[in-house]
Amino acid sequence: MARTAVRLAPYGPPSRAALTAVIADAKHNDPLAPVTVVVPSNYAGLALRRALAVSTLPGSSQPGLVNVRFMVLARVIELVGAPRLAARGRRPLTAPYRAEAVRAAVEANPGPFADVALLGSTERSLQATFRDLAGTSNAALDALATINDRSAHIVALYRDFRVRTADLYDEHDLTQAAAESTAAGSAALTDIGRVIIYLPRTLTVAEHDFVAALAAVEGVDVLVGLTGDEDVDDPVREAWGALGTVDEIDGALIPPVGTAIVAVPDPEEEMREAVRQISSLLLAGTPLHRMAILYRHASPYGLLAAEQLQAANLPWNGPATRQLGQTLAGRTLLGFLGLPEQRFRREAVAGWLNSAPVFDMAGGAVAPAHRWETLARAAGVVEGIAQWRGRLAQHARSLENERTQLENTGDDQAWRIRRVEHDRDDLARLRTFIDDLADQAASAGLRTWSDFSGWARGALNRYLGGEGHTAGWPEEETEAYRQVLQELGQLNELDAVREAIDSSTFRAAVAQLLERAAGRVGRFGEGVFVGRLADAVGVDFDAVFILGMSDGAMPPGQREDPLLLDSEREGAGIEPRSHRTATERREYLAALASAEQRTLVFPRADVRGRRARRPSRWVIETASVLAGERIFASELDPDANRPWFRELPSFEWSVTDGGEPAQSQEYDLRSLLRWRSAGHAVANHYLAASEPALANGLTLTLARRSGRFTRWDGHIPATLARSPLAGHPVSATALQSWAECPFRYFLGHVLRVSELELPETELQISPLEKGTLIHRVLDRFLRELPPRTEPAQPWTVKERARMRQISEQECDSVEHSGRSGHVLLWELERPRILRDLERFLDEDEALRRRFGTVTVASELAFGLDGDEAATVELAPDRTVQLRGKIDRVDRAIDGSQLVVIDYKTGKLRDVYKGLDNDPVQGGRLLQLPIYAAAARERYALPEVQGFYWFVDEQGDGALRGYPLDAET
């Protein structure tokens, strides 16, 4: 039997020095002798290769690195075991196949999981449990099945899963095959040569068997890292001591602790503080590749690191911070697959279009997501393909009608015509896109995994434009695009598990598939390293920043497997989940040992969870060592004269009083804050002069805060405003808007900014829409029927029936357009509107008898569509031209006067009750006098009365008005 040597050395420089010696011993003065160093991670392998290469430069007494390979244990096992399984006709068990086999087993026998069988969390929990059961003997499974009904069902599902995957192999099968091949003298062992296992983690039973077989044939050198924590080291000594002689290089060990502690408000500030300190160390001469940011959870720290380091223009590298589903390709695919399930809700379609550069095939360019969403809102689209098609078509007709009307209003409407034409063209593109999307998203004819996979690949290529349109993408996005296509291709093999599936099964499988990491970022050794604690084991740094050091997060709370409890696992000889706590502790201590400067950072609050956080017990451990006495969490006080502890109270404090700013933005903020603190006006800072956006923002803020009437409040210079005296008709509505709120006039009539409501948030028909509906009904009714010839002439039964018919038609039109609000509330409001319109006829008869009039015009236009504008003479040389539409004009049967009526819906507000004292209410009620003046000019009658008529039940048919005289 070959000799196996087990050496125990502290993590860090002692273990690396021991590795150099072991490599020299393994080569036996033969520089070409093959040596394979099994490393804890690929990052450790790259770091060791570079570090040892430097130490073996010419002139050094150490051997070279010729024919020395560094690889993880899984790769060694694959080299030795895969050929044996391939010869037996077995293929690797891929992640999609594993998930589908688990899903099929549960669907065939759901048992206690019947209510949750379709949940992704159930599938993931079963997959994790099945991995733990891999390699468990039949006797142990039988024992596990006797514990209770739940464990019996888990065992039954696992055995079904093994039957469904019998022709494939997983990690356990591969490791077993590697042990068998090693014992039989595999040819691969010649290339592998002497094996040195460096800083190994805890091995599975199968991995232990493989190492034992390797030791028996070739001999193995094992270099185990010690942390100084007996609770962690003793089980390791016991496990590896069984393989061979044990030589402890340095038995006097103290667990490493941090060298500094920083408390910050939240995770975002954790990352900013790390970047600030990295910037300071960089200025002091520490290379970026000698620094690392480490964490336990990639969420949220992985994405925060990417954002902050990119903003600081600092290069970095490390494992992927995103899943495939978070890349452009992943978001596009998941969004597309989810649209049918969400019934093509407008928000879902808009979110999908905004998530990635979705390509519009018909338009030959990226879809204008914001423009299309605005048009869909205006059209009243909420959900459903039928609604998209119907309401977009109706909106298109509305735009054409608006364009026709604007063409007849004069040159001053040219900009409005251009806007409508722009909307019309964009709407046409949107309608074509939606029609195509509905066709592409239809999956009714698909049946097999291959069918769905090809459909999804086609959609992804269609909506991202194919490889030809990814040229301008970042490299990592292009690679992720290829990876997503490759992952979709793997789904074809699932036809062997199940012949037919539905779209929901396919969507769930793709969502789980895209949870995989999206490649990696950068090249190791170029910039700051960002990764998990486990990634730092065996790597050498000058400074590390460990984030997320809060209670319950590091170390994490112990969570048992809900499917198989630890007590049940131990009874069957399966490793309990609680044993993994020791692995967490070992990785943490190994990460500390990787650098001389070790900063622990923890957040005082979880902003997302809206709760306070306490420092981890590992932080308290460091504090107690640095203080030389027992420290409690409540005693971590920045005022206690402890130079190793800092607390950042806020982002502003960090910028002004913290260390070196991390970004150019923080430099500018620091300069502005200090300038303001010195008593200077921010508007006089040099940045206000050099940055137009900042200057405009300051000008706006200061002007709005002042008591002056400025352009930011609606003060329009003569050079910008179109004066009513300039020969262009102005509407009463615009003048009223000016009188009510100049700033709103400025936004709507100068900047042409308008608010667009969300159709789905309208629970009831809006007051504006209700008023427009009633106006349309009354206009159609009065135009269609013969005019009254006598004031006392009543409405006939036939005419009343026609009123009902028109009212029903217009209500249907509003309902179909999506502007009627929630269905249940519309069922209540619609009868009210119909009652109001029926009551109108009775009140109309009373009004005509009262004034002795008959109706002569409905929706009478002036200053529009070529009609002559109305004029009001303010002074001999000051005349205002006005435009608009008069709701209704009645004329006395004897020709003595006109009665002008402006319909109103809603309550009789107080502003209408003071007309006797001020008919125009300070300019807020200009419609009635302007309409009366226009009617007087049109019909050449000097005596005119005007009335606001509140036609619905809220206004109770009230009339409020006055005669149009010189004073008015």
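The rules behind each value
Residues numbered from 1 in each chain as written. Predicted model: local features only at pLDDT ≥ 70, side-chain atom pairs only at ≥ 80, totals over all residues. Heavy atoms only, no water. Helix = DSSP H or I, 4+ residues; strand = E, 2+ residues; numbered from the N terminus. Rg over C-alpha atoms; globule rule 2.2 N^0.38 Å. Buried < 20%, exposed > 50% of the residue type's maximum accessible area, 1.4 Å probe, protein only. Contact = heavy atoms within 4.5 Å. Areas by Shrake-Rupley, 256 points an atom, 1.4 Å probe, with all protein chains shown as cover. Lys, Arg positive; Asp, Glu negative; His and termini not counted. Charge placed at Lys NZ, Arg CZ, Asp CG, Glu CD. Pairing = 2+ DSSP bridges. Axes fitted to C-alpha atoms, helices over the stretch in contact; angles between N-to-C directions. Parallel < 35°, antiparallel > 145°, perpendicular 65-115°, else oblique. Nonpolar A, V, L, I, M, F, W, Y, C, P; charged D, E, K, R; others polar. Salt bridge = Lys/Arg side-chain N within 4 Å of Asp/Glu carboxyl O. 1 Å grid on protein atoms, 1.4 Å probe; cavity = no way out; pocket = protein on both sides within 12 Å on 5 of 7 lines; lining within 4 Å. Points joined across faces, edges and corners; volume = space filled by probe spheres on them. Expected span 1.5 Å × (residues − 1). Phe/Tyr/Trp six-rings, centres within 6.5 Å; stacked < 30°, edge-to-face > 60°. Polar contact = N/O pair within 3.5 Å; in protein donor to acceptor, adjacent residues only side chain to side chain.

Asker: Break down the overall build of the protein chain for me, with residues and values.
Answerer: On a plain count of helices and strands, the protein chain comes out with 34 helices and 27 strands. Rg of the C-alpha trace for the protein chain: 39 Å, well past the compact-globule value of 30 Å for 968 residues, more than 25% over. Once the C-alpha set of the protein chain is aligned to its principal axes, its extents read approximately 130 × 75 × 50 Å. Within the span of the protein chain, comprising 968 residues, buried residues form 49% of the whole. The long-range share in the protein chain, meaning contacts at least 24 apart out of those at least 6 apart in sequence, stands at 75%. Counting every atom, the protein chain has about 45600 Å² of accessible surface; 51% of that belongs to carbon and sulfur. One way to put it: in the protein chain the 111 positive side-chain charges average out to a point 2 Å from where the 135 negative ones average out.

Asker: Mind laying out the pairing of strand β10 (residues 291-295), listing which residues take part and the relevant values?
Answerer: Where burial is concerned, most of β10 is hidden: five out of the five residues are buried. Of the two faces of β10, the one carrying M291, I293 and Y295 and the one carrying A292 and L294 are both buried. Here β10 pairs with strand β15 (residues 528-532) via four bridges, running parallel. Its bridge partner lying in β15, A292 is registered against F529.

Asker: Could you give an account of the environment of A379, naming the residues involved and the relevant values?
Answerer: As for its placement among the helices and strands, A379 is situated in helix α16 (residues 369-379). When its relative accessible area of 4% is taken as the criterion, A379 is described as buried. A C-alpha to C-alpha distance of 7.3 Å links A379 and S817, two positions 438 residues apart in sequence. Every residue in contact with A379, bar those within four places of it in the chain, is listed here: R391, L392, H395 and S817.

Asker: A description of the sheet that holds strand β9 (residues 260-264) should follow, citing residues and the corresponding values.
Answerer: If you walk across this open sheet you meet the eight strands as β14-β11-β15-β10-β16-β17-β9-β20, and the pairing is mixed. Pairing within the sheet leaves two strands with one partner each, and these edge strands are β14 (520-521) and β20 (645-647).

Asker: I'd like a rundown of the packing of α16 against helix α17 (residues 385-407), residues and numbers included.
Answerer: Packing of α16 against α17 leaves a shortest axis separation of 9 Å and a crossing angle of 85°. In terms of their interaxial angle, α16 and α17 are classed as roughly perpendicular. Across the interface between the two elements, L375, A376, A378 and A379 from α16 touch W388, R391, L392 and H395 from α17. Classifying every residue of the contact of α16 with α17 by side-chain character gives six nonpolar, one polar and one charged.

Asker: Account for the pattern of salt bridges, naming residues and giving values.
Answerer: Summed over the entire model, instances satisfying the criterion amount to 79 salt bridges. E479 serves as the salt-bridge partner of R482, at 3.7 Å between the closest nitrogen and oxygen. One end of the pair, R482, and the other, E479, are both in helix α20 (residues 475-490), three residues apart, so they sit about a helical turn from each other. Looking at R482, the relative accessible area reads 40%, which means it is partly exposed. Among the residues examined, E479 registers a relative accessible area of 44% and is labelled partly exposed. What emerges from the salt-bridge pattern is a single network uniting E269, R272, E273, R276, R646 and E666.

Asker: Kindly report on unusual backbone geometry, identifying the contributing residues and their values.
Answerer: Residue S299 is joined to P300 through a cis peptide bond whose omega torsion reads 10°. Take P300: it is sitting in helix α13 (residues 298-311). Geometrically, the link from M554 to P555 is a cis peptide bond, its omega value of 0° lying close to zero. Checked against the element boundaries, P555 lands in the loop between β16 (543-546) and α22 (566-571). The phi torsion at R343 lies on the positive side, around 55°, for a residue other than glycine.

Asker: I'd like to hear about empty space enclosed by the protein, residue by residue, with values.
Answerer: Where empty space is left can be seen by rolling a probe of water-molecule size over the atoms. Within the structure shown, the criterion is met by three cavities of 30 Å³ or more. Lining the largest cavity are 13 residues; nearest its centre among them are Y11, G12, R16, G538 and V539. Residue composition of the lining of the largest cavity, grouped by class: eight nonpolar, four polar and one charged.

Asker: Explain helix α31 (residues 767-784) to me, and be specific about the residues and the numbers.
Answerer: Counted at 1.5 Å a residue, the expected span for α31 with its 18 residues is 26 Å, and the 26 Å between its end C-alpha atoms agrees. Within the sequence span of α31, burial applies to E769, K770, G771, L773, I774, H775, V777, L778, D779, F781 and L782.

Asker: Mind laying out helix α26 (residues 664-677), listing which residues take part and the relevant values?
Answerer: In a regular helix each residue adds 1.5 Å, so 14 residues correspond to 20 Å; α26 covers 20 Å between its end C-alpha atoms and thus fits that length. Three or more residues of α26 are buried, namely E666, R670, L672 and L673. Against the buried residues of α26 lie α12 (267-283), α25 (651-657), α27 (686-690) and α28 (692-705). G679 lies just past α26 and shows a positive phi near 95°.

Asker: Quick one: what's the story with the sheet that holds strand β3 (residues 68-72), residue by residue and with numbers?
Answerer: Spatial ordering of the open sheet is given by β3-β2-β6-β7-β1-β8, a layout of six strands whose pairing is parallel. Unpaired on one side and paired on the other, β3 and β8 (245-248) mark the two borders of the sheet. Neighbouring strand axes in the sheet, compared pairwise and without regard to direction, differ in orientation by 20° on average.

Asker: Requested: an account of the packing of aromatic side chains, with residues and values cited.
Answerer: All told, the structure shown has 30 aromatic pairs when counted by the stated rule. Note on F130 and F161: the rings are 5.3 Å apart at their centroids and 40° apart in plane angle, and the pair reads as tilted. Separated by 31 residues along the polypeptide, F130 in helix α5 (residues 120-133) and F161 in helix α7 (residues 149-164) bring together distant segments of the chain. The two residues F130 and F161 agree in class, both being buried. Through successive ring pairs, a cluster of aromatic residues spans F336, W352, W372, F433, W449, F452, W455, Y463 and F506.

Asker: Go over the environment of V76, please, and point to the residues and values.
Answerer: Tracing the sequence through the fold places V76 in helix α3 (residues 73-87). Its relative accessible area of 1% is what places V76 among the buried residues. Put simply, V76 and L825 are 749 residues apart on the chain and 69 Å apart in space, counted from C-alpha to C-alpha. Among residues more than four places away in sequence, those in contact with V76 are T36, V38, M71, I192 and F210.

Asker: Kindly report on the pairing of strand β2 (residues 35-39), identifying the contributing residues and their values.
Answerer: Where burial is concerned, most of β2 is hidden: five out of the five residues are buried. The two faces of β2 match: V35, V37 and V39 on one face and T36 and V38 on the other face are all buried. Inspection of the sheet shows β2 paired to β3 by five bridges, in the parallel sense. Counterpart to V38 in the pairing with β3 is M71. Judged from the four bridges that link them, β2 and strand β6 (residues 194-198) form a sheet pairing that is parallel. Across the sheet, the residue bridging to T36 is V195, located in β6.

Asker: For the packing of helix α14 (residues 328-338) against α20, give the residues involved together with the corresponding values.
Answerer: Closest axis-to-axis distance for the α14/α20 pair is 7 Å, and the angle between their directions is 45°. When the interaxial angle is binned, α14 and α20 end up oblique. Contacts between α14 and α20 involve L328, A329, G330 and L333 on the former and, on the latter, E477, Y481, V484 and L488. For the contact of α14 with α20, the residue count by class is six nonpolar, one polar and one charged.

Asker: So what's going on with the environment of R613? Which residues, and what values?
Answerer: Along the chain, R613 falls in the loop between β19 (611-612) and α24 (617-627). Judged by its relative accessible area of 18%, R613 is buried. Taking the C-alpha atoms as reference, R613 lies 50 Å from G219; in sequence the two are 394 residues apart. In this view, R613 contacts S550, D551, A553, P603, R604, A605 and D606; residues no more than four positions away in its chain are not counted. At 3.1 Å, the side chain of R613 and the side chain of S550 are in polar contact.

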